[in-house]
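Close look at the chain arrangement
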Amino acid sequence: MKVIVIGGGAAGMMAAITSADNGNDVTLIEHNEKLGKKLYITGKGRCNITNASDIDVIFKNIMSNNKFMYSSLYTFTNDNTIEYFEKLGLKTKVERGNRVFPLSDKSSDVIAVLQKELKRLSVKILLNTEAEDVNFRMENDEKIFDNVAIKDLKTNKKSTLKADKLIIATGGLSYQSTGSTGDGYRFAKSLGHEVTRLSPSLVPLNIKGDECKRMMGLSLKNVKLTIKHGKKLIYDEMGEMLFTHFGISGPLVLSGGVYMKNYIEKKKIEDYNELKISIDLKPALSVEQLDARILKDFNININKDFCNSLDKLLPQKMIPVVVERSGIPADKKVSFITKQERNGLTVLLKNFCLDFNGFRDFNEAIITKGGVKTKEINPSTMESLLVKNVYFAGEVIDVDALTGGYNLQIAWSTGYIAGC
């Protein structure tokens with residue numbers, strides 16, 4: 001068969017490779033100047049290719065339509081992904097949280113082995129080429145894929161490509177700097193598909209005030225993030241986070257934000273003041289243990305000013321903020337700090353509250369929530385149930401997951417099954 005794949009990201013490359021490996025004549029269309037542009041920046045440039053946890057953990061971390069993924073994930077599992085890349089010559093390693101990375105810590109190595117495989121299988125790659133329209137014809141009252149209208153972005157020359165099968169793997173709207181335009185949603189709508197509400201997911205959070213900006217660049221490990229609506233617990237997990245000029249980010253925050261966004265949409269919450277975010281800076285210690293720890297530090301620094309007594313307890317960037325919040329004068333001698341003041345400091349460190357002020361936008365989103373409605377796609381093949389010979393793969397579909405390699409696994413699995 002002649003097969004066209006639109007989109008040279010993770011799902012598109014996997015679909016093209018699988019299809020070509022099955023003996024098909026494959027053309028891969030990518031409007032960027034190179035393949036895998038978003039892959040280059042995933043995992044902070046290290047590319048968290050999948051997660052090595054049990055398959056039930058994978059499903060648990062898929063937040064939207066995880067049942068739709070049963071067939072593709074069991075056909076091309078996370079174990080298959082690791083084996084596949086090892087077979088292509090990419091050595092991998094497993095880190096905290098069972099996240100799988102290239103041994104080299106270079107996302108470029110992931111793209112390199114995929115490009116090498118595309119070349120080996122003689123996939124025709126059209127870079128700097130934009131798919132403008134996807135067209136179908138009617139046969140016996142059925143919609144059947146016909147052709148793709150394309151434009152060479154260097155010459156502005158337009159032409160038409162015909163094929164027996166089309167795979168739409170255009171990605172979503174996240175990280176728009178990498179060329180995500182949402183064209184796949186436009187193509188899907190033109191074919192009669194419904195696209196569910198689109199919103200940025202796995203995004204950092206805006207926080208009121210300037211405290212986060214003052215602590216910008218500070219990364220915290222093994223802290224506990226709690227998000228509540230009144231007494232209702234929305235999220236409560238441990239992990240890593242980062243302070244930025246606008247608020248907070250990092251794996252813990254990105255995942256927590258997904259739960260919070262889903263809750264806000266479900267409960268139709270408009271007043272963000274109803275939501276409470278707090279950080280337990282010392283989750284491994286009980287209140288009593290932390291108080292004993294602080295008392296020990298105070299005894300060592302008995303003649304120092306309060307602001308100079310917290311070096312072993314807190315990161316340097318955080319000390320001025322904690323001192324201000326504590327209400328204890330910065331220049332107060334440790335020997336004069338009362339038990340009540342010390343107890344207040346303990347509570348502050350166990351419940352460091354932040355005032356939520358909204359989510360960041362698509363430019364900083366790792367993934368898009370929403371997409372082509374899964375009920376209109378055959379989960380066993382990824383073929384459209386509305387138009388014959390049209391298939392979908394990756395982020396363009398209404399499936400999204402938490403951080404940890406799960407979203408890329410969705411791309412590999414759906415790309416593989418669409419290419420079969």
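Above this note sits the structure.
Residues numbered from 1 in each chain as written. Predicted model: local features only at pLDDT ≥ 70, side-chain atom pairs only at ≥ 80, totals over all residues. Heavy atoms only, no water.

Before going further, it helps to examine the overall build of the chain. When you go through the chain residue by residue, the secondary structure sums to 13 helices and 21 strands. Across its three principal directions, the C-alpha atoms of the chain cover 85 × 45 × 45 Å. Residues classed as buried in the chain amount to 53% of the 420 residues present. A separation of at least 24 residues holds for 71% of the contacts in the chain among residues at least 6 apart in sequence. Carbon and sulfur atoms make up 48% of the accessible area of the chain, which amounts to about 19,100 Å² in all. If you average the places of the 59 positive and of the 50 negative side-chain charges in the chain, the two averages end up 3 Å apart. (Helix = DSSP H or I, 4+ residues; strand = E, 2+ residues; numbered from the N terminus. Buried < 20%, exposed > 50% of the residue type's maximum accessible area, 1.4 Å probe, protein only. Contact = heavy atoms within 4.5 Å. Areas by Shrake-Rupley, 256 points an atom, 1.4 Å probe, with all protein chains shown as cover. Lys, Arg positive; Asp, Glu negative; His and termini not counted. Charge placed at Lys NZ, Arg CZ, Asp CG, Glu CD.)

This part covers helix α9 (residues 251-267). Across its 17 residues, α9 extends 25 Å between first and last C-alpha, which sits within 8% of the 24 Å expected from 1.5 Å per residue. Among the residues of α9, those classed as buried are Leu252, Val253, Leu254, Ser255, Gly256, Gly257, Val258, Met260, Lys261, Tyr263 and Ile264. One or two positions beyond α9, positive phi appears at Lys268, with a value near 55°. (Expected span 1.5 Å × (residues − 1).)

A word on the sheet that holds strand β14 (residues 232-243). The strand order β17-β16-β13-β14-β15-β12-β18 describes an open sheet built from seven strands, whose pairing is antiparallel. Whereas interior strands pair on both sides, the edge strands pair on one side only; in this sheet they are β17 (352-354) and β18 (356-359). When strand polarity is set aside, the average angle formed by the axes of neighbouring strands in this sheet is 40°. Here nine bridges tie strand β13 (residues 219-229) to β14, and the two strands are oriented antiparallel to one another. Residue pairing in the sheet places Leu220 in a bridge with Met241 of β14. Across the sheet, helix α12 (residues 339-350) lies against β16 (275-280) and β17, angled at about 110° from β16, the strand it touches most. (Pairing = 2+ DSSP bridges. Axes fitted to C-alpha atoms, helices over the stretch in contact; angles between N-to-C directions.)

This paragraph deals with the packing of helix α1 (residues 10-21) against helix α6 (residues 107-120). Where α1 contacts α6, the two axes come as close as 10 Å, and the packing angle between them is 30°. Taken together, the axis directions place α1 and α6 in an arrangement best described as roughly parallel. Relative to α6, α1 is oriented so that their crossing is left-handed. From α1, Met13, Ala16, Ile17 and Asp21 reach across to α6, where they touch Leu114, Glu117, Leu118 and Arg120. (Parallel < 35°, antiparallel > 145°, perpendicular 65-115°, else oblique. Left-handed = near helix turned anticlockwise from the far one by under 90°.)

Going through the model one piece at a time under the given rule, you end up with ten aromatic pairs. Ring centres 5.6 Å apart and planes at 40° place the aromatic pair Phe59 and Tyr74 in the tilted group. Placement of the pair is Phe59 in helix α3 (residues 55-60) and Tyr74 in helix α4 (residues 70-75), with a sequence separation of 15 residues. The class for Phe59 is buried, based on a relative accessible area of 7%. Seen from their ring centres, Phe76 and Tyr84 are 6.1 Å apart, and the 75° between their planes marks the pair as edge-to-face. Residue Phe76 shares its accessibility class with Tyr84, and that shared class is buried. In textbook terms, an aromatic cluster arises when at least three aromatic residues are bridged by ring pairs, as seen for Phe76, Tyr84, Phe85, Trp412 and Tyr416. (Phe/Tyr/Trp six-rings, centres within 6.5 Å; stacked < 30°, edge-to-face > 60°.)

Let us now look at the nonpolar core. Phe85, Leu114, Val148, Phe243, Met318, Phe352 and Trp412 are the most contacted members of the largest nonpolar core, which totals 124 residues. The leading source of residues in this core is α1, at eight residues. Leu202, Val258, Ile367 and Leu402 belong to the second largest nonpolar core, which has five residues in total. (Core = buried A, V, L, I, M, F, W, Y, C linked by side-chain atoms within 4.5 Å.)

Turning our eyes to something else, we now look at the sheet that holds strand β4 (residues 92-95). Judged by pairing direction, the sheet is antiparallel, and its three strands sit side by side in the order β3-β5-β4 without closing on themselves. Every other strand in the sheet has two partners, leaving β3 (50-51) and β4 as the edge strands with one partner each. Bridge count for β4 against strand β5 (residues 99-102) is four bridges, and the pairing is antiparallel. Bridge pairing in β5 links Val94 to Val100.

Moving on: the side chain of Thr368. By secondary structure assignment, the location of Thr368 is in strand β19 (residues 367-369). Residue Thr368 is classed as buried on the basis of its relative accessible area of 0%. From its side chain, Thr368 meets the backbone nitrogen of Ser174 in a polar contact 3.2 Å long. In contact with Thr368, not counting residues within four places along its chain, are Gly172, Leu173, Ser174, Tyr185, Leu198, Ser199, Phe362, Glu395 and Asp400. (Polar contact = N/O pair within 3.5 Å; in protein donor to acceptor, adjacent residues only side chain to side chain.)

Let's shift gears to the environment of Arg99. As for its placement among the helices and strands, Arg99 is situated in strand β5. Residue Arg99 is classed as buried on the basis of its relative accessible area of 18%. For the pair Arg99 and Ser286, spaced 187 residues apart in sequence, the C-alpha to C-alpha distance is 29 Å.

Glancing now at the pattern of salt bridges. A complete count under the given rule lists 27 salt bridges for this structure. Residue Asp146 pairs with Arg137 through a salt bridge whose shortest N-O separation is 3.5 Å. Asp146 gets classed as buried once you look at its relative accessible area, which sits at 18%. Among the ionic contacts, a cluster of salt bridges with common partners joins Arg46, Lys93, Glu95 and Asp105. (Salt bridge = Lys/Arg side-chain N within 4 Å of Asp/Glu carboxyl O.)

The next subject is a negative patch on the surface. A cluster of acidic side chains, namely Asp54, Asp56, Asp79 and Glu83, defines a negative patch on the protein surface. Relative to the assigned elements, Asp56 resides in helix α3. (Patch = residues over 30% accessible without salt bridge, like charges linked within 9 Å, V, L, I, M, F, W, Y side chains within 5 Å.)

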